[in-house]
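# Coordinates in review
The lines below spell out each chain.
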Amino acid sequence: MNFQCTVGLSNKHVHLTEEHIDILFGKNHELTPIKDLSQPGQFACDEKVDLVGPKRTIKGVRILGPARKESQVEISFSDAFTLGLKDVPVRDSGNLEGTPGIKLIGPCGEVELKRGVIVAARHVHLHTSDAEEYGLKDKDIVKVKVGGQRALIFENVLIRVSDKYALDMHVDVEEGNAAGLANGDMVEVITE
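Residues numbered from 1 in each chain as written. Predicted model: local features only at pLDDT ≥ 70, side-chain atom pairs only at ≥ 80, totals over all residues. Heavy atoms only, no water.

Moving on: the overall build of the protein. When you go through the protein residue by residue, the secondary structure sums to four helices and 15 strands. Relative to the 2.2 N^0.38 estimate, which gives 16 Å for 192 residues, the radius of gyration of the protein is 17 Å and therefore close to what a compact globule would have. Along the first, second and third principal axes, the C-alpha atoms of the protein reach 50 × 30 × 30 Å. Here the protein, with 192 residues, has 47% of them falling under the buried criterion. Element-wise, carbon and sulfur atoms account for 49% of the exposed surface of the protein, whose accessible area totals about 9900 Å². Positive and negative charge centroids in the protein, built from 23 and 30 side chains respectively, lie 6 Å apart. (Helix = DSSP H or I, 4+ residues; strand = E, 2+ residues; numbered from the N terminus. Rg over C-alpha atoms; globule rule 2.2 N^0.38 Å. Buried < 20%, exposed > 50% of the residue type's maximum accessible area, 1.4 Å probe, protein only. Areas by Shrake-Rupley, 256 points an atom, 1.4 Å probe, with all protein chains shown as cover. Lys, Arg positive; Asp, Glu negative; His and termini not counted. Charge placed at Lys NZ, Arg CZ, Asp CG, Glu CD.)

Spelled out as structure tokens, the structure:
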């Protein structure tokens, strides 16, 4: 059963562990939420770090909260080129095995990640009740149709299911720009 959902464009950002928050921003630092994100309990923070790659540095990359079990950096292919990082894989969030590392610089310290840099796989978040209604399960692959002047069909879109999720598709800014998408636009998920 095909269905419609909103889309969110994801710019480069960083998820941090409590330990890395303490190193980068000071002992017992609490992240400062400035905006709720589409997924319940997740938020953009006032805090930012610099990403230091082999070739260049990208300054002022936003932290997303809350803290995670492992630090992770999500960038676009263009960002990887700018930083001088090679072979940054397209991955589901949290799947960090075999990914490159990077240096993070905050106002109070530095962290050298051994791994954790990915280009996030395009994906659709579904609450478990939505997944049941549409006959989908976690890790299914679907297509997503975008209308308008730059109409296209995204292939290989990962389904993410949890009782903590809200229905929303996420693509990185490069993919969104290619399709002429803006945050909140409607797209059609093709399940057949």
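This is not the end of the story, as more comes after the structure.
Okay, the sheet that holds strand 12 (residues 141–146) next. Consider a sheet: its strands pair through backbone hydrogen bonds, and that pairing is either parallel or antiparallel. Judged by pairing direction, the barrel is mixed, and its six strands sit side by side in the order 1-14-11-13-12-15 before closing back on the first. Between one strand axis and the next, the sheet turns through 40° on average, direction left out of account. By the bridge criterion, five bridges tie strand 11 (residues 123–127) to strand 13 (residues 152–162) in an arrangement that is parallel. Counterpart to His125 in the pairing with strand 13 is Arg160. (Pairing = 2+ DSSP bridges. Axes fitted to C-alpha atoms, helices over the stretch in contact; angles between N-to-C directions.)

Okay, the environment of Leu126 next. With respect to the element layout, Leu126 can be found in strand 11. The sequence separation of Leu126 and Leu167 amounts to 41 residues, and the corresponding C-alpha distance is 4.6 Å. Not counting residues within four places of it along the chain, the set of residues in contact with Leu126 comprises Phe3, Ala131, Tyr134, Leu136, Ile159, Arg160, Val161, Ser162, Tyr165 and Leu167. (Contact = heavy atoms within 4.5 Å.)

Among the nonpolar cores identified, the biggest contains 25 residues, and Val14, Leu51, Val73, Ile102 and Leu104 are the most heavily contacted of them. A total of four residues in this core trace back to one element, the largest contributor, which is strand 4 (residues 43–52). If we ignore the near neighbours within four places in the chain, the residues touching Val14 are Val49, Leu51, Val61, Arg62, Ile63, Leu64, Gln72, Val73 and Leu104. Formed by 21 residues, the second largest nonpolar core is a distinct cluster that contains Leu126, Tyr134, Val144 and Val157. (Core = buried A, V, L, I, M, F, W, Y, C linked by side-chain atoms within 4.5 Å.)

Within helix 1 (residues 18–25), burial applies to His20, Ile21, Leu24 and Phe25. The arc that holds every buried residue of helix 1, seen down its axis, measures 105°, which confines them to one face. Among the exposed residues of helix 1, those pointing more than 90 degrees away from its buried face are Glu18 and Glu19. Buried positions along helix 1 lie against strand 4, strand 5 (57–65), strand 8 (102–105) and strand 9 (110–113). (Arc of directions from axis to C-beta.)

Evaluated as defined, the whole model comprises eleven salt bridges. Measuring nitrogen to oxygen at the nearest pair gives 3.3 Å for the salt bridge that ties Asp50 to Lys59. The class for Asp50 is buried, based on a relative accessible area of 18%. The class for Lys59 is exposed, based on a relative accessible area of 63%. Ionic pairing is found between Glu175 and Arg122, a salt bridge with its closest N-O pair at 2.6 Å. Here the residue Glu175 occupies a position in helix 4 (residues 173–178), and Arg122 occupies one in the loop between strand 10 (117–120) and strand 11, the gap between them amounting to 53 residues. Taking relative accessible area as the criterion, Arg122 reaches 22% and is therefore assigned partly exposed. The structure contains a network of salt bridges with shared partners spanning Glu70, Glu97 and Arg115. (Salt bridge = Lys/Arg side-chain N within 4 Å of Asp/Glu carboxyl O.)

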